[in-house]
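Observations on the model geometry
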Amino acid sequence: MNFQEIGEKWQKRWAEEKAFEPEPEEGKRKFFLTAAFPYPNSPQHIGHARTYTTTDVYARYMRMRGTNVLFPMGFHVTGTPVLAMAKRVAAKDPEILEIFEKIYRVPADVIPTLDEPKRLVDYFSREIEMGMREMGFSIDWRRKFYTYDKAFNAFIRWQFEKLKGKGYLVKGNHPVPWCPNEDNAVGAHDTKGDVDPNIDQMTAIKFELKDEPGNYLLCATFRPETIYGVTNAWINPQIKYSLVEIGGSKYWVSSAVAKSLPLQIPSMRKIGERNGSEFEGKKVLNPVTGDELPIFPASFVQPEVGTGVVMSVPAHAPYDYLALMDLKGTKWEPMIPEPKQVLELEGFGEFPAKEIVERMGVKNQNDPKAEAATEEIYSKEAHTGKMVIEKYAGMRGVDAKERIKEEMVSAKKALMLHDVINGPVWCRCGARICVKIVADQWFIDYGNKEWKDDVKEAFSRMNLIPEKTRPEYEYTIGWLKEKACVRAQGLGTTFPYDETKMIESLSDSTIYMAFYTVADLIGGMDPERLNSQFFDFVFLGKGDAGAVAEEAGISEKELRAMRASFLYWYPLDSRHSAGDLIHNHLTFFVFNHVAIFPKEHWPRQIATNGFVLMEGSKMSKSLGNIMPLREAIRKYGADIVRFSVVTGAELDADSDFNEAMTEGVVARMKWMAGLVEEYSAKEGSEGKAKAIDLWLLSKLHRKMKIATKAFEKLALREISQEVFYSSVNDLRWYFKRTGSNAKIMRDFLRNWVLMMAPFTPHTCEELWVKLGGEGLVSQAKWPEFDEGKISESAELAEEVVGKTRDDVENILKLIGKKPAKLCLYAAEGWKRKLYSIAREEKRFDLAMKKAMADSELKARAKDVGRVLQQLMKDVGTLRRLMLTEEQELSALRDAKEFFAQEFSCEVEVMMEGEAVGDAQKKKAANASPMKPSIFIE
RNA sequence: GCGGGGGUGUCAGAGCCAGGUCAAAUGAGCAGGACUGAGGCUCCUGUGCCUUUAGUGGCUGCGAGGGUUCAAAUCCCUUCCCCCGCACCA
């Protein structure tokens, strides 16, 4: 069986028969599902396949359940990553070239052509689409679009008009990481090493120079609460400082900062400059305590960090303490101040910084260990530190920080500045990333209270898979506030209220599912004529069809068909993505639906899945263990990849893709295929079904029941265990038990193929033909289980046979002789009665009392006492279901042939009372329900 | 810090919501055997410790410590550890 060949063969058939190109059908239930569309700035690997395969398995299942299923796909090209990637190719960035060559094996002659964004998108999107087709995804490709298509741009502009109309678009100022060289905002993919620049607020405190009234030394700090412990100020004598004017006040900051500061404070003017060393020995005033503080030189002060000026809190900041110690032996030694405590910290004395420095053996301010010491002390003090300053006594560090910051700012003793806190971060162009306050930035106001309430309502009506993701959504809804929605650069859609800006990528991908419903129909239209009235009509049913159609340059009938298509497919029944999008995309997706569409069109379900691991570890460039999807398909075949990726773990957990697993899948698949081959050729019905046949049927229908139920929560792993692995095991037992009914086998295999079809559709199509199935298995009906075929007693009977076999084997091993004859004695009815009593009462005295109330049991009071004692020992393990003595006896009799074959000896089965011979009788008396007594001669 | 998830046998991973059929599914690994020219293929058996030349026995055990219960991997409390997210970025 060649999985690769089978794949191609059936993909061709599906395409020819247009098997997955649904049209609205009056009266037929629909099911519309989408997965987050791919971003084609590189090829896809098996990790990407997880979400799509999950979606496809679901789509195929729902199709078999008789619904009209729409599963479309498009490409997301919005934003800067595509541009950044093309630029890196153009610059022949060795890292990128290596990934393309070595991992994705992009042909050498193709790579140089990817230096242009459009070509890059074309190439990779084709690559991705090919991979999806080769995976056999049941996607309706007629509806494919790119987010930079004109028609889609028109749609997104309409979306933003709607948001504006609701008052959800607002304007404000916003700090962003910025490359001063390229004059653009940067994201992680724009930086060296893909570092995500983290921006945080710093409090810039004004320390007035004693000798220069009106001029301040500006100290930026993350710990304003320590203002009470400042003993001096630090400057770097090696660098230059500039005097800048902001709002009428004059401040000294490092010249490096003076350069980038206008990005945050455009009104800033530079009015002077001097060397850092000129400040040494001067005095400044603490704005809060009024203390007079000296200015000392320190080499740890970096020109680009904060303001290039540092306030010294030796009690709590290891660097400050170390720098003071470093002054020993200089002319400043006599002036070295004593630390002043601000916070008390459990496990530490008055001066935690001093202690930690001594404990960790940090030598001086240039010792790399100083950083670790700082981190430890800062985090401890912030979270568990308590203020000792009288005014704030007992307050937690974090709370004091907020309060003191506010007090200083409102008293104009400090300013708020922003800085990159995980710096230095470098742009790919080589410039150091700084912070820019973008003025008049546009935001989507996800903080809007009423909007949030609607979103909460939407979620309360939505099905979430797995359900345990719900708190994450709730949390996200809670903290969401204004989100910047435009950028200066990038592909996508221009912003309707500022044509110089582009709509940012997380904002143009929130309601595109609606676009799919008409994407194929819009394809032939003039995109210039797609105005708001058009979209209002199609998606909201507003306006006059005739007028709208005329404006749009189409017939009224065409227009109405679009509206009808939308109404047929919407709402979205299921949305799929990896779990990492819960905190942004998936929540935005609901927000925007709620804002724009009426309640009946709000989404119904979101399913999120985990990632794919490669041989136990995360796929990463550095590990070089990325498995490109198309390579995996070539190597294993689509069905094997599909099956492995979605059944390796339950939905929310990461799934491991490994060689051993694929081998196991292939082996079982081939085994099953072999059975199909064998039994499809075998002649029809052979006589009456035996007990073991009924057992197999029971197992089959139970599987069908479990699988059907498990699909509700997309428990694909559970289904695979039940349908795939356990089928193989059941069939092995069936054959071992000398089962061989061809009719039953065909029935089993047929249903098995149907249940496997969503997972491994290509192989199943192939097997379906062999089994004489009609049409495509992809369009066949999902098997309905028959509750009547599920037989507890058949399964229990088989269990007794199996356990008895194991027991016999145990005994044989123990006595080490070849059996001549095997006698099995089934327990009598009264024991079963007693068993039930014991299980119910759970206590010896109560059970005994109840037993004595029964005349049959009372008659054998002595035996009852003995057996009950025995039963009580394991009262917890007594089971609910039990065979009657007739059932157990006949199960064992039925299996006589099997036992005889297993142990190559004569077999006798009887009730315990029928035992002949003293030794036999004694043994037989030990029989208990579901546990026949065994005697071996 | 805030929010979420999780700690199970050699490993991966079920079970936990609805306590008992749990020495704990399933798979992998490992060991032994069968088949074979040979096997990394396939099949069978075993795989916590102890006991037992007749099975349905004992002990330990599901991060750690306590508790509830006739009974706890499952419920409650305390505690330690790990992973993920905290945005303007797809």
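As shown above, the structure is provided for reference.
Presented here is an overview of the structure given in this document. (Residues numbered from 1 in each chain as written. Chains lettered and ligands numbered in written order. Predicted model: local features only at pLDDT ≥ 70, side-chain atom pairs only at ≥ 80, totals over all residues. Heavy atoms only, no water.)

**Quick notes on the sheet that holds strand β28 (residues 821–826)**
Inclusion rule: Here, strands pair whenever DSSP counts at least two bridges between them. Counting from the N terminus, the helices are DSSP H or I runs at least four residues long and the strands are E runs at least two residues long. The axes are straight lines fitted to the C-alpha atoms, using for helices just the contacting stretch, and the angles between their N-to-C directions are given from 0 to 180°. Residues are treated as being in contact if the distance between any of their heavy atoms lies within 4.5 Å.
Ordered in space as β29-β28-β30, the three strands form an open sheet in which the pairing is mixed. Lying at the two open borders of the sheet, with one neighbouring strand each, are β29 (906–911) and β30 (933–936). Direction aside, neighbouring strands of the sheet carry axes that sit 20 degrees apart on average. Strand direction decides the pairing type here: β28 and β30, joined by four bridges, are antiparallel. Its bridge partner being in β30, Tyr825 is matched across the sheet by Ser933. Those strands touched by helix α26 (residues 792–815) are β28 and β30, and its axis lies near 40 degrees from that of β30. Docked against the sheet, helix α31 (residues 885–894) engages β28 and β29, running at close to 175 degrees with respect to β29.

**Comments concerning the packing of helix α1 (residues 3–16) against helix α25 (residues 761–770)**
Two numbers describe a pair of packed helices, the interaxial angle and the distance between the axes. Selection criterion: By definition in this entry, angles of less than 35 degrees are roughly parallel, angles greater than 145 are roughly antiparallel, angles of 65 to 115 are roughly perpendicular, and the rest are oblique. Amino acid classes used here: Ala, Val, Leu, Ile, Met, Phe, Trp, Tyr, Cys and Pro are nonpolar; Asp, Glu, Lys and Arg are charged; the rest, including Gly, are polar.
As a packed pair, α1 and α25 sit with axes 8 Å apart at the nearest point and diverge in direction by 80 degrees. Considering their axes alone, α1 and α25 lie roughly perpendicular with respect to each other. For the pair formed by α1 and α25, the contact residues are Phe3, Ile6, Gly7, Lys9, Trp10, Gln11 and Trp14 on the first element and Pro761, His762, Thr763, Glu765, Glu766 and Val769 on the second. Split into classes, the residues belonging to the contact of α1 with α25 amount to six nonpolar, four polar and three charged.

**Focus: the nonpolar core**
Here is a general trend for soluble globular proteins: nonpolar side chains tend to be buried in one another's company. Selection rule: In this text, buried Ala, Val, Leu, Ile, Met, Phe, Trp, Tyr and Cys residues form a nonpolar core when linked through side-chain atoms within 4.5 Å. Here the term buried applies to any residue with accessible area under 20% of the maximum for its type, exposed to any over 50%, and partly exposed to those in between, with areas from a 1.4 Å probe on protein chains only.
Membership of the largest hydrophobic core comes to 204 residues, with the highest contact counts inside it found for Phe534 and Phe539. Among the elements that line this core, the one with the most residues is helix α24 (residues 742–756), at 10 residues. Residue contacts for Phe539: discarding those within four places in its chain leaves Phe155, Trp158, Ala514, Phe515, Thr517, Val518, Arg563, Phe566 and Phe597. Judged by nonpolar contacts, the second largest core, of 52 residues, contains Ile205, Leu209, Trp234 and Leu322.

**Quick word on helix α6 (residues 150–165)**
Formally: The span one expects for a helix is its residue count, reduced by one, times 1.5 Å.
For α6, with 16 residues, the first-to-last C-alpha span of 23 Å sits near the 22 Å given by 1.5 Å per residue. Among the residues of α6, Ala151, Phe152, Asn153, Ala154, Phe155, Ile156, Trp158, Gln159, Phe160 and Leu163 are the ones counted as buried. With its phi angle positive at about 80 degrees, Gly167 sits one or two positions after the end of α6.

**Quick word on the side chain of Asp419**
Stated formally: Here the positive residues are Lys and Arg and the negative ones are Asp and Glu; neither His nor the chain ends is included. Just to be clear on terms, a salt bridge is a Lys or Arg side-chain nitrogen sitting within 4 Å of an Asp or Glu carboxyl oxygen. Polar contact is defined as a pair of N or O atoms within 3.5 Å, subject to the rule that within protein one atom must be able to donate a hydrogen and the other to accept it, and that residues adjacent in sequence are counted only when both atoms are side-chain atoms.
Along the polypeptide, Asp419 turns up in strand β16 (residues 414–420). Although Asp419 lies buried, it forms no salt bridge, and the closest oppositely charged side chain, Arg432, sits 6.3 Å away as judged by the N-O distance. One polar contact links the side chain of Asp419 to the main-chain amide nitrogen of Gly306, over a distance of 2.8 Å. With sequence-adjacent residues up to four places away left out, Asp419 is seen in contact with Asn198, Ile199, Asp200, Met202, Glu304, Val305, Gly306 and Val435.

**Some words on unusual backbone geometry**
Note that the residue after Ile465, namely Pro466, is joined by a cis bond; omega there is -10 degrees. With respect to the secondary-structure elements, Pro466 resides in the loop between β18 (463–465) and α13 (470–479). One non-glycine residue with positive phi stands out, namely Lys412, at about 60 degrees. Within the secondary structure, Lys412 is located in the loop between α11 (397–410) and β16. Its relative accessible area of 64% is what places Lys412 among the exposed residues. Notably, Leu714 is not glycine yet its phi reads approximately 50 degrees, a positive angle. As for its placement among the helices and strands, Leu714 is situated in the loop between α22 (691–712) and α23 (716–736).

**Regarding the pattern of salt bridges**
Following the criterion strictly, the structure yields 63 salt bridges and no others. A salt bridge links Arg60 to Asp56; its shortest N-O distance comes to 3.0 Å. Here Arg60 pairs with Asp56, and both are found in helix α2 (residues 46–64), just four residues apart, close to one helical turn. On the basis of relative accessibility, which here comes to 2%, the residue Arg60 falls in the buried class. Taking relative accessible area as the criterion, Asp56 reaches 0% and is therefore assigned buried.

**Side note on the packing of helix α27 (residues 829–841) against helix α28 (residues 844–852)**
Quick reminder of the rule: Note: crossing handedness is left-handed where the near helix turns anticlockwise from the far helix by less than a right angle, and right-handed where it turns clockwise.
The interhelical angle for the contact between α27 and α28, taken along N-to-C directions, is 140 degrees, at an axis separation of 9 Å. Here α27 lies oblique to α28, going by the angle between them. Between α27 and α28 the crossing geometry is right-handed. From α27, Leu834, Ile837, Ala838, Glu840 and Glu841 reach across to α28, where they touch Leu846, Ala847, Lys850 and Ala851. A breakdown of the residues in the contact of α27 with α28 according to their chemical character gives six nonpolar, no polar and three charged.

**Digging into the pairing of strand β9 (residues 249–254)**
Counting buried positions along β9 yields five of six residues, so the element is predominantly enclosed. In this structure, strand β6 (residues 215–221) lies alongside β9, joined through three bridges in parallel fashion. When the sheet's bridge partners are listed, Leu217 is paired in β9 with Trp252. Where strand β8 (residues 240–246) meets β9, six bridges bridge the pair, whose relative direction is antiparallel. By the bridge assignment, Val244 is partnered in β9 with Tyr251. Joining the antiparallel neighbours β8 and β9 is a turn of two residues, in which Gly247 adopts a positive phi near 50 degrees.

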